[in-house]
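# Analysis of the macromolecular model
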Amino acid sequence: MLQPDISKLTVDKVQLPFIEKKRVDLEMLRLDKIHPVISGNKWFKLKYHLENFHSGKYRGILSFGGAWSNHIVATACACFYQNIKCTGIIRSEKPNELSHTLNDAMNFKMDLKFISREMYRQKNTDEFLLEIKNEYPDYYIIPEGGTGDDGEKGAGEILNLVDKKYYSHIACAIGTATMFRGIAKTINRYQQVMGIPVIKGFNEIQETATAKIFPGYHFGGYAKYNDKLINFMNDFFRQSNIPTDFIYTGKLVFAVCDLIKKDFFSPGSRILLIHSGGLQGNSSLPKGTLIF
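Everything quoted here is computed from the prediction, not taken from an experiment. The written sequence of each chain sets the order in which its residues are numbered from 1. Where totals are concerned, whole chains, interfaces and linings use all residues; where local detail is concerned, this predicted model gives features only for residues with pLDDT of at least 70, and gives and counts side-chain atom pairs only at 80 or more. Each side-chain value is worked out from all heavy atoms of the structure, with water and hydrogens disregarded.

## Let's talk about the state of the cysteines
Condition: What counts as a disulfide here is a pair of cysteine sulfur atoms lying within 2.5 Å.
A complete count under the given rule lists 0 disulfides for this structure. Cys-257 supplies the cysteine sulfur nearest to Cys-172, a cysteine that is in no disulfide, at a spacing of 16 Å.

Spelled out as structure tokens, the structure:
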């Protein structure tokens, strides 16, 4: 069974002047280091889905994602090294030139099936799933982003990699919210998990005393960015030597730093940022946009 290299994992202390001035501690769990392709939270969200595949009588794996989906390329890579046939249902008509992500997925022998965005929106309906099951009999279907109970169960194990009781706040980016939900199930009542949605109009989480959403940091929506975000990411790398991506972790770090400046955190707070990987998404930016 292919496993992540946990020995490469680090928890990096983020030491910036304004953070020290506010008397809070900020650290980042570098899940991006555990594998060059199946990095970040992807390992954890796929873990139990892959176990389900191996314990059942399936001929292959099928999942869903867009042209720059971290989940798609991670699934393709995991299947390639375990000799599992796999298919990706891709949101969009087939372009003349494939994205860096989809090229990588194809290099890992994933078959790609392109469908319209309108059809893709039906991916969770019984009718659509029945058609998929008829077309791909005996395939194990992993929902987009590894969502569902199995994905959340795996994501909930992320904090086992640290002394989780040490932290007052755990912050992560939200796409499908699988990681957020998984982590929220594992913390105690004195802690708070903070979610930074990267999707415009995200409203799928019921907030509680220990789980809070901060929706104002999506920079226009999924995969949207501007000079302010890019400049922040470059400055953050200069000062911390930590690379981020513009889809997820760049927005996460920007949000938490902004909240620190605005005194959201009381002095003595200990904040853990989850680096969810996804650095391959930066390949879609014009060359030279980022300094790392």
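Here the narrative resumes.
## A few points about the pairing of strand β10 (residues 270-275)
Regular strands place side chains that alternate from one sheet face to the opposite one. To be explicit about the condition: Exposure classes here rest on a 1.4 Å probe applied to the protein chains alone. A residue is buried below 20% of its type maximum, exposed above 50%, and partly exposed in between. Numbering of helices and strands starts at the N terminus; helices are DSSP runs of H or I of at least 4 residues and strands are runs of E of at least 2. When DSSP finds two or more bridges between two strands, those strands count as paired.
For β10, the tally of buried residues reaches 5 of 6 residues, placing the bulk of the element in the interior. Both strand β2 (residues 25-30) and β10 contribute to a ladder of 6 bridges, which runs parallel. Of the residues in β10, the one forming a bridge with Asp-25 is Arg-270. Inspection of the sheet shows strand β7 (residues 169-174) paired to β10 by 3 bridges, in the parallel sense. Of the residues in β10, the one forming a bridge with His-169 is Ile-271.

## Section: the packing of aromatic side chains
To keep things clear, this is the line we draw: For Phe, Tyr and Trp, where Trp contributes only its six-membered ring, two rings pair if their centres lie within 6.5 Å, and the inter-plane angle classes them as stacked under 30 degrees, edge-to-face over 60, or tilted in between. Cation placement over rings: the criterion is NZ of Lys or CZ of Arg within 6 Å of the ring centroid and within 35° of the ring normal.
With the rule as written, the count across this model stands at 18 aromatic pairs. When the centroid spacing of 6.0 Å and the interplanar angle of 70° are considered together, the rings of Tyr-222 and Tyr-248 count as edge-to-face. Of this pair, Tyr-222 sits in the loop between β9 (211-213) and α9 (227-240) while Tyr-248 sits in the loop between α9 and α10 (249-261); the two residues are 26 residues apart in sequence, bridging distant segments of the chain. When the centroid spacing of 5.2 Å and the interplanar angle of 75° are considered together, the rings of Phe-232 and Phe-254 count as edge-to-face. Linking Phe-232 in helix α9 with Phe-254 in helix α10, this pair joins segments that are 22 residues apart in sequence. Accessibility expressed as a relative area gives 17% for Phe-232, which makes it buried. Among the aromatic residues, ring-to-ring pairing joins Tyr-217, Phe-219, Phe-232, Phe-236 and Phe-254 into one connected group. The cationic tip of Arg-91 hangs over the ring face of Tyr-120; the distance from NZ or CZ to the ring centre is 5.4 Å. Positioned above the aromatic ring of Tyr-48, the side-chain terminus of Lys-153 is 4.3 Å from the ring centre.

## Describing helix α3 (residues 70-81)
Defined as follows: Any helix carries an expected span of 1.5 Å times its number of residues minus one. Note on contacts: a residue pair is in contact if any heavy atoms of the two residues lie within 4.5 Å. Polar contact is the term for a pair of N or O atoms within 3.5 Å; when the atoms are in protein, one must be able to donate a hydrogen and the other to accept it, and sequence-neighboring residues count only if both atoms are side-chain atoms.
For α3, with 12 residues, the first-to-last C-alpha span of 17 Å sits near the 16 Å given by 1.5 Å per residue. Summarising burial for α3: 10 of the 12 residues are buried, a large majority. Considered for burial, the residues of α3 that qualify are Asn-70, His-71, Ile-72, Val-73, Ala-74, Thr-75, Ala-76, Cys-77, Ala-78 and Cys-79. Lining the buried residues of α3 we find α2 (42-55), β3 (60-65), β4 (85-91), α4 (100-107) and β6 (139-142). With a side-chain oxygen lying 3.2 Å from the backbone nitrogen of His-71, the N-terminal cap of α3 falls on Ser-69. Asn-83 sits one or two positions beyond α3 and adopts a positive phi of about 55°.

## Quick look at the layout of surface pockets
The line we're drawing: Cavities and pockets were defined on a 1 Å grid built from protein atoms only: a cavity is a group of points that admits a 1.4 Å probe but offers it no way out, a pocket is an open group of points flanked by protein on both sides within 12 Å along at least five of seven lines, and a lining residue is one with an atom within 4 Å of any such point. Grid points are joined across faces, edges and corners, and a volume is the space filled by probe spheres set on the points. Nonpolar residues are Ala, Val, Leu, Ile, Met, Phe, Trp, Tyr, Cys and Pro. Charged residues are Asp, Glu, Lys and Arg, and all others, Gly as well, are polar.
Estimates place the volume of the largest pocket at around 1,200 Å³. Forming the walls of the largest pocket are 42 residues, and the residues nearest its centre are Glu-144, Gly-175, Thr-176, Ile-199 and Tyr-222. Elements represented by at least two residues in the lining of the largest pocket include exactly α2, β3, α3, α5 (117-120), β7 and α8 (178-184). Ranked by the residues each element gives to the lining of the largest pocket, the list is headed by α8, at 4 residues. Grouping the amino acids of the lining of the largest pocket by side-chain chemistry returns 16 nonpolar, 16 polar and 10 charged.

## Thoughts on the environment of Gly-281
Mapped onto the fold, Gly-281 is located in the segment after β10. Of the residues examined, Gly-281 reaches a relative accessible area of 1% and is grouped as buried. Placed 182 residues apart in sequence, Gly-281 and Ser-99 show a C-alpha to C-alpha distance of 9.8 Å. Ignoring sequence-local partners within four residues, the contact set of Gly-281 consists of Trp-68, Asn-70 and Phe-246.

## So, the side chain of Ser-99
Turning to its location among the elements, Ser-99 is positioned in the loop between β4 and α4. By relative accessible area, Ser-99 is classed as buried at 8%. Separated by 3.1 Å, the side chain of Ser-99 and the backbone nitrogen of Leu-102 make a polar contact. In this view, Ser-99 contacts Ala-67 and Trp-68; residues no more than four positions away in its chain are not counted.

## Brief notes about the sheet that holds strand β8 (residues 192-197)
Worth spelling out the cut-off: Axes here refer to lines fitted to C-alpha atoms; in helices the fit is confined to the stretch in contact. Angles between the N-to-C directions go from 0 to 180 degrees.
Across the sheet, which stays open at both edges, the 6 strands sit in the order β1-β2-β10-β7-β8-β9 with mixed pairing between neighbours. The sheet is open, and its two borders are formed by β1 (11-13) and β9, each paired with just one other strand. Across this sheet, the average inter-strand angle for adjacent strands is 25°, counted without regard to direction. Pairing of β7 with β8, which is carried by 6 bridges, proceeds in the parallel orientation. In the sheet register, Ile-170 faces β8, and the bridge partner there is Val-193. Relative to the sheet, α10 contacts β2, β7, β8 and β10, its axis offset from that of β10 by approximately 165°.

By themselves, these are just geometric observations and shouldn't be taken as functional.
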